[in-house]
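# A closer look at the structure
Chain by chain, the residues:
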Amino acid sequence: MDKKILVTRSSMPPFEEYADEIKDMWDNHWLTNMGVKHKQLEKDLADYLGISKENIALFVNGHQALECILEAFQLGKEKNAWGEPKNEVITTPFTFASTTHAIVRKGLKPVFCDIKEDDYTLDPDKIEALITDRTCAIVPVHVYGNLCDTEKIEKIAKKHNLKVIYDAAHAFSVEKNGVSSAIFGDASMFSFHATKVFNTIEGGAVCFKDSSMKKVLNEWKNFGITGPETTEFIGGNAKMNEFAAAMGICNLRHLDHEIEKRKRVFEQYVKNLYGVAGIKLNLGQNAVKSNYAYFPVLFDKDKFGKSRDEVFDLLAEHGIGARKYFYPLTNSYECYEGMFDVKDTPVAYKVSLQVLTLPIYSDLKIDDVDRICEIILNNC
Ligand code: T4K
C-alpha cells in the first residue's frame, strides 16, 4: 500500500511556541474556568474577526456551543396563540450529526428543508413553505465553509419573527464582501475541533449580535451559576480549558499562512479535475473569501464511469482516506427512524449519494494531490 493520507491533518504550532505559551501555567496553576489564556484567546479571536470581545464566548467544543446558544435563546419556551409550544426549527439534513442532535437534545423539533444544488447550503426559496405557527428558529449550516444566502434567510426570519442561528462550524475566517461570517444572524457557532482550519484541539465559540448574551452564555456554560451564592439556570459545564485556549492563541498566529497553503492544495485539485465529465467541483462563491476547509467532489456514475462509492474504495486501496461528508443525511439516521423522510429533501439526498471530500490540509504535498487525482482519473 502507498503512503497513508487522511482526509485532513491537524494544524499545530511549532512545539517550542506552544511550550512557551503554556509555561506560565506551571507558575499560576490555573488550568480552566475562564482563566488568562481563555480571556486572551477571546480577545485575539474578536480582533481577528473584527468584532467586540463582548460578542463572542468560547466553549469546550462546537457542539456544546450550539446547544448552549439554543438554550440561552430559550427556544421552545414561547407558546403560540393556541397555547402550543413554538418548538419547530427549520434546518438542513446535509450536515454533521451535531447540528440535528443539538436541536433534538434541546427538546426542539427539526423540520428539514432541502439544500441548493450549487453550494449545498439551505435553499431559502423552500423555507417559507415550512414555516408554521410553531416555528421558532432557522438553523442553517455554512457547509464546507460555503456561506448560506444570509440576506434571503434573514429577510424571511425578520418577516416571521424567527431567530437565525448559523452552524458555522466550517466557516471560521470566511468572509463575504469583506465582512466576517461571525456577524450574520442572531448568532453563529464555530467549531475549533482538531480537524478544523483553526483548532484549539477541542473547542468552539459562539458569536452573537446582542452583547447582553455574553453574560448569559458564560453562566450557561458554568452550571447556571450567576453569583457567589446564586444559581439561576440549570446550566451545564462547557468551558474551554487553558491548554486548549493556549493552542488557539498559537494557532491563530499562523492561521492566514495555513489558509494560503490550503489554497495551493485546492487550486491543484481544481487544475487536475476541472472539466472532467461526471465530476462536479465546489469552486467557491461570488464575493466570498474561502478558508478552503474541505474539497468536496460529486461523482456522477453515468457520466464519469465510477460511482462515489467506487472512487472511495479505489482511494482506500491506495491508502487515501477520503470521507463521505455528509452521508448519510441526518434525517435518515437510525436514531431518528420513522420520524423523517429523506424524500422531503431530494437535492440533499442526491448530493449525499454522490459526494466525496478529498484530503485537504496545509501541508499536503502538491505531488500527493497529483497522485490522488491520477488514481481517480486513470482508473475509470
Ligand atoms: N456542525 C458541523 C457542521 C460539524 O461539521 C461539526 C463537527 C460540528 C457541528 C460539531 O463541532 P465539534 O463539537 O466537533 O467542535 C470530524 C470531527 O470530529 C468533527 O468535529 C467534524 N464536525 C466532522 C465533520 O469531522 P469524524 O468522526 O469524521 O473525525 P475523525 O476522527 O474520523 O477525523 C477525521 C480525520 O481528521 C482523521 O482521518 C485524521 C484527522 N485528524 C483527526 C483527529 C481526531 C487529525 O489530524 N487529528 C486529530 O486529532 O468527525
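Residues numbered from 1 in each chain as written. Predicted model: local features only at pLDDT ≥ 70, side-chain atom pairs only at ≥ 80, totals over all residues. Heavy atoms only, no water.

- Labelled according to an unreviewed UniProt entry, the protein chain appears under the name DegT/DnrJ/EryC1/StrS family aminotransferase, originating from Eubacterium segne.
- The protein chain has a UniProt comment under Sequence similarities (unreviewed entry) that states "Belongs to the DegT/DnrJ/EryC1 family." (UniProt positions renumbered as here; feature names shortened; annotations may be inferred.)

### Digging into the site of the ligand
- Inspection of the region around the ligand gives 26 residues, with Asp167, His170, Ser191, Arg323 and Tyr325 positioned closest.
- One of the backbone nitrogen or oxygen atoms of His63 is found 2.9 Å away from an oxygen atom of the ligand.
- Between His193 and the ligand, the recorded distance is 3.3 Å, taken from a side-chain N or O atom to an oxygen atom.
- Within the complex, the protein chains bury 74% of what would otherwise be the 930 Å² of accessible surface of the ligand.
- Of all the secondary-structure elements, those providing two or more residues to the shell around the ligand are helix H4 (62–72), helix H5 (97–105) and strand S9 (187–191).
- The residue makeup of the shell around the ligand, split by class, is nine nonpolar, 13 polar and four charged.
- Lining the shell around the ligand are residues from two domains, each supplying at least three of them: domain 1 (15–249) and domain 2 (255–378). (Near = heavy atom within 4 Å. Polar contact = N/O pair within 3.5 Å; in protein donor to acceptor, adjacent residues only side chain to side chain. Areas by Shrake-Rupley, 256 points an atom, 1.4 Å probe, with all protein chains shown as cover. Helix = DSSP H or I, 4+ residues; strand = E, 2+ residues; numbered from the N terminus. Nonpolar A, V, L, I, M, F, W, Y, C, P; charged D, E, K, R; others polar. Domains from an automatic or database assignment.)

### As for the packing of aromatic side chains
- Scanning the model with the defined rule gives 23 aromatic pairs in all.
- Aromatic pair Phe299 and Phe304: ring centres 5.4 Å apart, planes at 45°, arrangement tilted. One exposure class covers both Phe299 and Phe304, and it is buried.
- An aromatic cluster is built from Phe94, Phe96, Tyr120, Tyr144, Tyr294, Tyr325 and Phe326, whose rings are joined through pairwise contacts.
- In this arrangement the basic side chain of Lys176 is found over the ring face of Phe184, its NZ or CZ atom lying 5.4 Å from the centre.
- Positioned above the aromatic ring of Phe59 is the side chain of Lys221, whose terminal nitrogen or guanidinium carbon lies 5.2 Å from the ring centre. (Phe/Tyr/Trp six-rings, centres within 6.5 Å; stacked < 30°, edge-to-face > 60°. Buried < 20%, exposed > 50% of the residue type's maximum accessible area, 1.4 Å probe, protein only. Lys NZ or Arg CZ within 6 Å of the ring centre and 35° of its normal.)

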